[in-house]
Amino acid sequence: MSGVRSAVAARSAGPVVDESGRVTLAGVGKRYETKRGPVDAVADVDLEVAPGEFVAIVGASGCGKSTLLRILAGFEGHTSGTVEVGGAPVRGPGPARGVVFQDYGLFPWLTVAENVRFGLRQQRWSRARAKQRAAEMIEVVGLTRFADRFPGELSGGMQQRVAIARVLAADPALLLMDEPFGALDALTRTTMQHELKRLRAESGATVLFVTHSIEEAVYLADRVVVMAGGASHGAPGHIAAIVPVDLGDERDVNGPAFNDLERRIAALVHES
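Residues numbered from 1 in each chain as written. Predicted model: local features only at pLDDT ≥ 70, side-chain atom pairs only at ≥ 80, totals over all residues. Heavy atoms only, no water.

Chemist: Hey, could you go over the overall build of the protein chain for me, with residue numbers and the actual values?
Modeler: Check the secondary structure of the protein chain and you find seven helices and 12 strands. Its C-alpha radius of gyration of 19 Å places the protein chain within 12% of the 19 Å reference for a compact globule of 272 residues. The principal-axis extent of the C-alpha atoms belonging to the protein chain is close to 55 × 50 × 45 Å. A buried classification covers 46% of the 272 residues belonging to the protein chain. Taking as baseline every contact in the protein chain between residues at least 6 positions apart, the subset at least 24 positions apart corresponds to 68%. Working note: accessible area of the protein chain is about 13,300 Å², and carbon and sulfur atoms make up 52% of it. (Helix = DSSP H or I, 4+ residues; strand = E, 2+ residues; numbered from the N terminus. Rg over C-alpha atoms; globule rule 2.2 N^0.38 Å. Buried < 20%, exposed > 50% of the residue type's maximum accessible area, 1.4 Å probe, protein only. Contact = heavy atoms within 4.5 Å. Areas by Shrake-Rupley, 256 points an atom, 1.4 Å probe, with all protein chains shown as cover.)

Have a look at this one:
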């Protein structure tokens with residue numbers, strides 16, 4: 001797979017880490033002005049994500065999980081603190097940051113191949129280069145036989161694969177995923193989790209993944225960020241805890257270590 005990020009051996013200094021996927025949030029806040037006065041959606045968020053790391057974000061509805069992702073994507077501005085990706089301030093959307101939403105966001109009038117090519121053409125890739133790259137990514141997600149189908153002819157899981165292929169085609173350093181599997185049935189969701197683990201290992205991208213499923217967070221992530229607060233709690237959204245997932249690559253969702261960690265994170269969510 002082209003575009004895979006790997007450490008590059010320097011002549012004398014050892015491997016050089018690609019820093020383009022590093023995420024730094026320092027004192028980040030987001031304030032909305034309403035008719036009733038200002039509302040702080042999130043406040044004082046500090047988070048460092050290493051290149052290639054997978055970080056899941058969990059917490060009750062309204063605690064600011066999606067707000068943070070939108071800020072990182074450049075869809076919304078922050079009102080305090082600093083937001084950097086790859087050492088550069090985030091001032092708007094960019095191809096180095098790919099976003100996958102729950103609702104897929106596919107163009108129904110375009111085929112699978114045309115959907116995957118669309119963003120590349122917007123970035124002024126040549127027609128031939130975009131066509132080749134789209135074909136590669138469609139093969140990676142196992143949909144080559146469906147390249148000429150329209151989204152309405154595909155299952156939900158297949159549409160989400162197309163959405164992921166479209167984002168990965170641009171080889172983003174950072175992949176931002178907001179409840180991407182939330183609308184899928186249990187079996188398809190499990191399949192997509194396996195698929196994401198494989199694709200992430202191949203691409204080397206940094207991943208920030210918002211989910212309401214603690215089991216999903218523990219299964220996928222290197223660390224789990226627990227957020228608390230929100231309007232219903234009368235306090236801005238903030239990070240209440242960060243829990244490392246020290247379970248190795250092969251994770252048994254029915255194993256005692258997995259279940260103990262899942263219960264620990266659930267307790268933190270409910271206490272926050």
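Chemist: I'd love a proper account of the environment of Ile-164, names of residues and values included.
Modeler: Among the structural elements, Ile-164 can be located in helix 4 (residues 156-169). Separated by 35 residues in the primary sequence, Ile-164 and Leu-199 place their C-alpha atoms 9.3 Å from one another. Among all residues touching Ile-164, those that are not within four sequence positions of it are Val-100, Met-177, Phe-181, Met-192 and Leu-199.

Chemist: Go over the packing of helix 4 against helix 5 (residues 186-203) with me, naming the residues and quoting the values.
Modeler: Two packed helices can be described by the angle between their axes and the distance between those axes. At a minimum axis separation of 11 Å, helix 4 and helix 5 run at an interaxial angle of 15 degrees. With respect to each other, helix 4 and helix 5 are oriented roughly parallel. Between helix 4 and helix 5 lies a crossing of right-handed hand. Here helix 4 contributes Gly-157, Gln-160, Arg-161, Ile-164 and Leu-168 to the contact with helix 5, which in turn contributes Thr-188, Thr-191, Met-192, Glu-195, Leu-199 and Ser-203. Classifying every residue of the contact of helix 4 with helix 5 by side-chain character gives four nonpolar, five polar and two charged. (Axes fitted to C-alpha atoms, helices over the stretch in contact; angles between N-to-C directions. Parallel < 35°, antiparallel > 145°, perpendicular 65-115°, else oblique. Left-handed = near helix turned anticlockwise from the far one by under 90°. Nonpolar A, V, L, I, M, F, W, Y, C, P; charged D, E, K, R; others polar.)

Chemist: Kindly report on the packing of aromatic side chains, identifying the contributing residues and their values.
Modeler: Considering all chains together, one arrives at five aromatic pairs under this definition. The interplanar angle of 40 degrees and the centroid separation of 5.7 Å between the aromatic rings of Phe-54 and Phe-209 together place this pair among those described as tilted. Of this pair, Phe-54 sits in strand 5 (residues 54-59) while Phe-209 sits in strand 10 (residues 206-210), and the two are 155 residues apart along the sequence. Residues Phe-54 and Phe-209 agree in their burial class; the two are buried. Measuring from ring centre to ring centre gives 5.2 Å for Phe-107 and Trp-109, while their planes differ by 40 degrees; the resulting arrangement is tilted. Taking relative accessible area as the criterion, Trp-109 reaches 58% and is therefore assigned exposed. Positioned over the ring face of Trp-125 is Arg-129, at 3.6 Å from the centre of the ring. The positively charged end of Lys-197 is found above the aromatic ring belonging to Tyr-219, 4.8 Å away from the centroid. (Phe/Tyr/Trp six-rings, centres within 6.5 Å; stacked < 30°, edge-to-face > 60°. Lys NZ or Arg CZ within 6 Å of the ring centre and 35° of its normal.)

Chemist: Which residues make up the side chain of Glu-216, and what are the values?
Modeler: Relative to the elements of secondary structure, Glu-216 occurs in helix 6 (residues 214-220). The exposure class assigned to Glu-216 is buried, which follows from its relative accessible area of 2%. Every residue in contact with Glu-216, bar those within four places of it in the chain, is listed here: Phe-181, Arg-189, Gln-193, Phe-209 and Thr-211.

Everything listed here is a matter of coordinates, which is why it stays silent on function.
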